[in-house]
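Summary of structural features
Below, each chain spelled out in residue letters.
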Amino acid sequence: VQLQASGGGSVQAGGSLNLSCTASGSISSISGLGWYRQAPGKQRDMVAIINSGGVTNYADSAKGRFTISKDDAKNTVTLRMDSLKPEDTAVYYCNAVLYSMGAWKTYWGLGTQVTVSS
């Protein structure tokens, strides 16, 4: 199983970015998909997650600005980020909890850099 993320980049404060992540490989079922981020010198924190039923959960810092969605047919999760702030600068990691090869496992993408300038 691989998670391939795309869509990071540099934007000015107030701008928008879309992050997308596709899971590929031998996947039987997906329990949840999400995005986490890690700023330099800080721990990796949850940004937004969505479960198989479409229920979402956001970090307080993301509420009202970010929207997570998924496409089950494509095993893809997307994070729409609006009204970006410099403090949103971080490496963003895609996460998936899925059933593959007889076991539930957690997978991580390699990360994509998001830089927001003031």
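Going by the structure above, here's the rest.
Sequence order as written defines the numbering, with residues in each chain counted from 1. Where local features are concerned, this predicted model is filtered to residues with pLDDT of at least 70; where side-chain atom pairs are given and counted, the filter is 80 or more; whole-chain, interface and lining totals use all residues. Heavy atoms throughout the structure, all of them, feed into the side-chain values; hydrogens and water do not.

**Some remarks on the overall build of the protein chain**
To keep it simple, the criterion reads: Put simply, DSSP marks the helices as runs of H or I at least four residues long and the strands as runs of E at least two long, and each gets a number from the N terminus on. Here the radius of gyration uses the C-alpha set of atoms, whereas the globule reference equals 2.2 Å times the residue count to the power 0.38. Partly exposed describes any residue whose relative accessible area lies between the buried limit of under 20% and the exposed limit of over 50%, with all areas from a 1.4 Å probe on protein chains only and scaled to the type maximum. Any two residues having at least one pair of non-hydrogen atoms within 4.5 Å are treated as being in contact.
Across its full length, the protein chain holds zero helices and eleven strands. Starting at the N terminus and ending at the C terminus, the protein chain contains elements arranged as β-β-β-β-β-β-β-β-β-β-β. Computed over the C-alpha atoms, the radius of gyration of the protein chain is 14 Å, within 12% of the 13 Å expected from 2.2 N^0.38 for a compact globule of 118 residues. Dimensions of the protein chain, computed from C-alpha atoms along their principal axes, come out at roughly 45 × 25 × 20 Å. Burial statistics for the protein chain: of 118 residues in total, 36% are counted as buried. For the protein chain, contacts bridging at least 24 residues in sequence account for 53% of all contacts bridging at least 6.

**Notes on the side chain of Arg37**
Formally: As used in this structure description, the phrase polar contact means that two N or O atoms lie within 3.5 Å; if the pair is within protein, one of them must be able to donate a hydrogen and the other to accept it, and residues adjacent in sequence are counted only when both atoms belong to side chains.
For Arg37, the location among the structural elements is in strand E4 (residues 29–38). Side chain to side chain, Arg37 and Ser61 meet in a polar contact 3.3 Å long. Once you skip the residues sitting within four places of it in the chain, Arg37 turns out to touch Gln43, Arg44, Asp45, Val47, Ser61, Phe66, Glu87, Asp88, Ala90, Val91 and Tyr92.

**Things to note about the sheet that holds strand E7 (residues 66–71)**
Threshold: Note on pairing: two strands pair once DSSP finds at least 2 bridges between them. To define axes, lines are fitted to C-alpha atoms, for helices over the stretch in contact only, and angles between the resulting N-to-C directions are given on a 0 to 180 degree scale.
The sheet built from four strands is open, its strands ordered E1-E3-E8-E7 with antiparallel pairing. The open sheet has two free edges, formed respectively by strand E1 (2–6) and E7, since each of these has just one partner strand. Here the average twist between neighbouring strands, direction ignored, is 15 degrees. Pairing of strand E3 (residues 17–24) with strand E8 (residues 76–81), which is carried by six bridges, proceeds in the antiparallel orientation. In the sheet register, Leu17 faces E8, and the bridge partner there is Met81.

**Some thoughts on the state of the cysteines**
Heads up, the rule is: Cysteine sulfurs are considered disulfide-paired once they come within 2.5 Å of each other.
In this structure the tally under the stated criterion is one disulfide. Two residues, Cys21 and Cys94, share a disulfide whose sulfurs are 2.0 Å apart. Taking the torsion about the sulfur-sulfur bond, which here is approximately -85 degrees, the covalent link between Cys21 and Cys94 counts as left-handed. One end of the pair, Cys21, is in strand E3; the other, Cys94, is in strand E9 (residues 90–100), with 73 residues separating them in the sequence. Accessibility classification places Cys21 together with Cys94 in one group, the buried group.

**Some words on the environment of Thr106**
By the element assignment, Thr106 lies in strand E10 (residues 103–108). Overall, the relative accessible area of 46% leaves Thr106 in the partly exposed class. C-alpha separation for the pair Thr106 and Asn95, spaced eleven residues apart in sequence, amounts to 7.1 Å. Excluding residues within four positions of it along the chain, Thr106 makes contact with Asn95, Ala96 and Val97.

**Comments concerning the environment of Gly14**
Summarising the element assignment, Gly14 is placed in the loop between strand E2 (9–12) and E3. Relative accessible area serves as the criterion here: at 53%, Gly14 is assigned to the exposed category. In the structure, Gly14 is positioned 68 residues away from Asp82 in sequence and 7.0 Å away in space, judged by C-alpha atoms. Not counting residues up to four positions away in its chain, the partners in contact with Gly14 are Ser83 and Leu84.

The quantities given are spatial measurements derived from coordinates; they are silent on function.
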